[in-house]
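A closer look at the structure
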Amino acid sequence: MKDVLTEVVEDLQPSNDDKRETVLNTLREHIDDATIQLGGSVSKNTHVGDDYDIDIFIKYPLTDDDDISDALEKQLQRIGWTYKRIQASRDYFVISEGSHDYELVPVRDITKPAEAETVIDISPLHIDYFNEQATSELRDQVRLLKQFMKSEYIYGAESYINGFSGHVVDLLTIAYGSFHDVLTASQEWSPKTIIDIEEHHDTPMLTLNESKTSGPLIVVDPIQSDRNAAAAVDISSYNRFISAAERFTTTPSAGQFDKPDLEDRITLFEERMSDSCVTVHIEVGFDDDQRHDLSGAQLVKIKEHCVRHLDKESFHVFDSFIHHERTSDIIIGCTPEPTSDQKVLAGPPLDKETHVQRFRDAHSQTETRQGRVFAHEPHTYDDLLTALNAVLDD
């Protein structure tokens, strides 16, 4: 395994061919009422290859009452850069310089989490914490874990991924000490795993807010003890990581760090699919200026709507997934024809007597089970393409 990891670490070393110093110097020349600081993985030296954007924090004093997003925009206009303003809990700005994007993020210059106006204000404190803990070796271990998760499409806390954020990857590596030790430890993870590096809590499940402990992984934030840094990780990403870790520790391979493209993902998908199913590939277009995370969330909703519609019309859906990279795609594996002569429609609960009666009056064939009334109707569509066209038109 050591030889494999040595090879991969060398391949993951960042190119650092960006123009960050030019951008930083320009900002410092034109903005004198804020502190300019690198953010994100570049500031921690954990960025990978050419696959990174550069975050820059523009830290405004707490005593400044102005809207700091508006203040930054006026300053960018004076510089003369072409930028996009991105709506978020606090708006930020994106410029392109060379082959990289630069996210210019206005934050409050705080010294403790209690002073934060939004979550993003705390990010510089997270960076300081990591840099105090990290050695050169640990930074390479973070790169390994980050790329490993990217190859499984479970890296990122965005709602369309529900995976492991960069901050969580940092904390897992600090907690266990190395990439290999994180993978080994994951084989002992329970349905509810708790990691509290700074030992803020004797019993986190009792002292943390219940809403923060609903997921399978609880990583107590070292500098914000009431926060679960891993709250975004859902059971699917959690189990996928554990399974991938088992495969790698059993048979180490540099290939497991390669992020499969859409064609590779479809091939792997079809290898698992039943012979009675076919593959549906839906390409979805979004406006170029729409935020990637928001269009990803919409893509998930479209996929879920398609799957519900097909299931309701008696098509058996084997599995599905989204691919949201340079293109946005939905892949569904299902039967090409309905699997029964009728579809089943769920009606109201039996205790809603008036609604139940209306439902029975509207349908000729009904039954009751599991406390609800159901109706049986002939399916609407005889073939998959017609059914999909109907739902996509909707």
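Provided above is the structure to which this section pertains.
An account of the accompanying structure is given in this report. (Residues numbered from 1 in each chain as written. Predicted model: local features only at pLDDT ≥ 70, side-chain atom pairs only at ≥ 80, totals over all residues. Heavy atoms only, no water.)

1. What about the overall build of the protein?
Spelled out, the test is: Going along the chain from the N terminus, every DSSP run of H or I of four or more residues is numbered as a helix, and every run of E of two or more is numbered as a strand. Partly exposed residues are those whose accessible area sits between 20% and 50% of the maximum for their type, while under 20% is buried and over 50% is exposed, using a 1.4 Å probe and protein chains only. Contact criterion: two residues are considered in contact whenever any of their non-hydrogen atoms come within 4.5 Å of each other. Note that accessible areas follow from Shrake-Rupley with a 1.4 Å probe, and for residues the cover is restricted to the protein chains shown. We count Lys and Arg on the positive side and Asp and Glu on the negative side, and we leave His and both chain ends out. Here the site of a charge means atom NZ of a Lys, CZ of an Arg, CG of an Asp or CD of a Glu.
Check the secondary structure of the protein and you find 14 helices and 14 strands. The proportion of buried residues among the 394 residues of the protein is 49%. In the protein, the share of contacts with a sequence separation of at least 24, taken over all contacts with a separation of at least 6, comes to 62%. Within the structure as shown, the protein displays about 20,300 Å² of accessible surface, and the carbon and sulfur contribution to it stands at 44%. Looking at charge distribution, the protein has the averaged site of its 37 positive side-chain charges lying 4 Å from that of its 75 negative ones.

2. A closer look at the nonpolar core
What tends to happen in soluble globular proteins is that the nonpolar side chains get buried as a cluster. To keep it simple, the criterion reads: Here, nonpolar core means buried Ala, Val, Leu, Ile, Met, Phe, Trp, Tyr and Cys residues that are tied together by side-chain atoms lying within 4.5 Å of each other.
Core analysis: the largest hydrophobic core is formed by 40 residues, its most contacted members being Leu145, Phe164, Leu172, Phe179 and Phe241. Counting residues per element, the ones that place at least two in this core are helix H1 (2–12), helix H5 (123–133), helix H6 (136–151), helix H7 (166–176), helix H8 (179–186), strand S7 (217–221) and helix H10 (235–250). When sequence neighbours within four positions are dropped, the list of residues in contact with Leu145 reads Val169, Leu172, Thr173, Phe179, Val182, Leu183 and Phe241. Core analysis: the second largest hydrophobic core is formed by 23 residues, Ile31, Ile56, Leu72 and Leu76 among them.

3. Notes on the pattern of salt bridges
Our working rule: We define a salt bridge as a side-chain nitrogen of Lys or Arg found within 4 Å of a carboxyl oxygen belonging to Asp or Glu.
In total, this model carries 17 salt bridges according to the counting rule given. As a salt-bridge pair, Glu117 and Arg90 come within 3.1 Å of each other at their nearest N and O atoms. One end of the pair, Glu117, is in the loop between strand S5 (100–108) and H5; the other, Arg90, is in the loop between strand S3 (84–86) and strand S4 (92–97), with 27 residues separating them in the sequence. The class for Arg90 is buried, based on a relative accessible area of 11%. The partner of Arg272 in a salt bridge is Asp319, with the nearest N and O atoms 3.2 Å apart. In this pair, Arg272 sits in helix H11 (residues 262–272) while Asp319 sits in strand S10 (residues 317–324), placing the two residues 47 residues apart along the sequence. Three or more residues are tied together by salt bridges with common partners; here these are Asp70, Glu73, Arg85 and Asp91.

4. Some words on the state of the cysteines
Put simply, the test is: Disulfide: a pair of cysteine sulfur atoms within 2.5 Å of each other.
Per the stated rule, a full pass over the model turns up 0 disulfides. Cys334 provides the cysteine sulfur closest to Cys306, a residue in no disulfide bond, and the two sulfurs are 10.0 Å apart.

5. Quick look at unusual backbone geometry
Residues other than glycine seldom take positive phi values, yet Asn45 does so here, at roughly 55 degrees. Its place among the elements puts Asn45 in the loop between helix H3 (40–44) and strand S2 (54–60).

6. Here we look at a negative patch on the surface
We apply this condition: Exposure above 30% relative accessible area and the lack of any salt bridge qualify a residue for a patch; like charges then connect within 9 Å, and the nonpolar side chains Val, Leu, Ile, Met, Phe, Trp and Tyr within 5 Å.
Among the surface-exposed residues, Asp3, Glu7, Glu10, Asp11 and Asp258 lie close enough to one another that they form a single negatively charged patch. For Glu7, a relative accessible area of 42% translates into the label partly exposed.

7. Remarks on the packing of helix H12 (residues 292–312) against helix H14 (residues 384–393)
For clarity, the cut-off: Note on definitions: angles span 0 to 180 degrees between N-to-C directions of axes, and those axes are lines fitted to C-alpha atoms, for helices only across the stretch in contact. Roughly parallel means an angle under 35 degrees; roughly antiparallel means over 145; roughly perpendicular covers 65 to 115; every other angle is labelled oblique. In this scheme the crossing of two helices becomes right-handed for a clockwise turn of the near helix relative to the far one and left-handed for an anticlockwise turn of less than a right angle. Residues were grouped as follows: Ala, Val, Leu, Ile, Met, Phe, Trp, Tyr, Cys and Pro as nonpolar; Asp, Glu, Lys and Arg as charged; and all remaining residues, including Gly, as polar.
The N-to-C vectors of H12 and H14 enclose an angle of 135 degrees; their axes lie 10 Å apart at closest approach. Considered as vectors, H12 and H14 are oriented oblique to each other. Classified by chirality, the crossing of H14 by H12 is right-handed. Of H14, the residues touching H12 (which contributes His305, Cys306, His309 and Leu310) are Leu384, Ala387, Leu388, Ala390, Val391 and Leu392. Looking at side-chain class alone, the contact of H12 with H14 contains 8 nonpolar, 2 polar and no charged residues.

8. A word on the packing of aromatic side chains
Rule in force here: Between rings of Phe, Tyr and Trp, where Trp is taken as its six-membered ring, a pair exists when centres lie within 6.5 Å; planes separated by under 30 degrees are stacked, by over 60 edge-to-face, and by other angles tilted.
Here the structure, examined in full by the defined rule, presents 12 aromatic pairs. For the pair Phe148 and Phe248, a centre-to-centre distance of 5.9 Å together with 75 degrees between the ring planes defines the contact as edge-to-face. One end of the pair, Phe148, is in helix H6; the other, Phe248, is in helix H10, and 100 residues separate them in sequence. Take Phe148 and Phe248: they sit in the same class, and that class is buried. Between Phe148 and Phe257 the ring centres are 5.7 Å apart and the planes differ by 65 degrees, which places this aromatic pair in the edge-to-face class.

9. Quick word on the pairing of strand S14 (residues 372–378)
Applicable threshold: Strands are labelled as partners when DSSP assigns at least two bridges between them.
By the criterion of burial, S14 is predominantly enclosed, with 5 of the 7 residues buried. Across 4 bridges, the pairing between strand S13 (residues 366–369) and S14 is antiparallel. Counterpart to Glu367 in the pairing with S14 is Phe374.

Keep in mind these values describe shape, not function.
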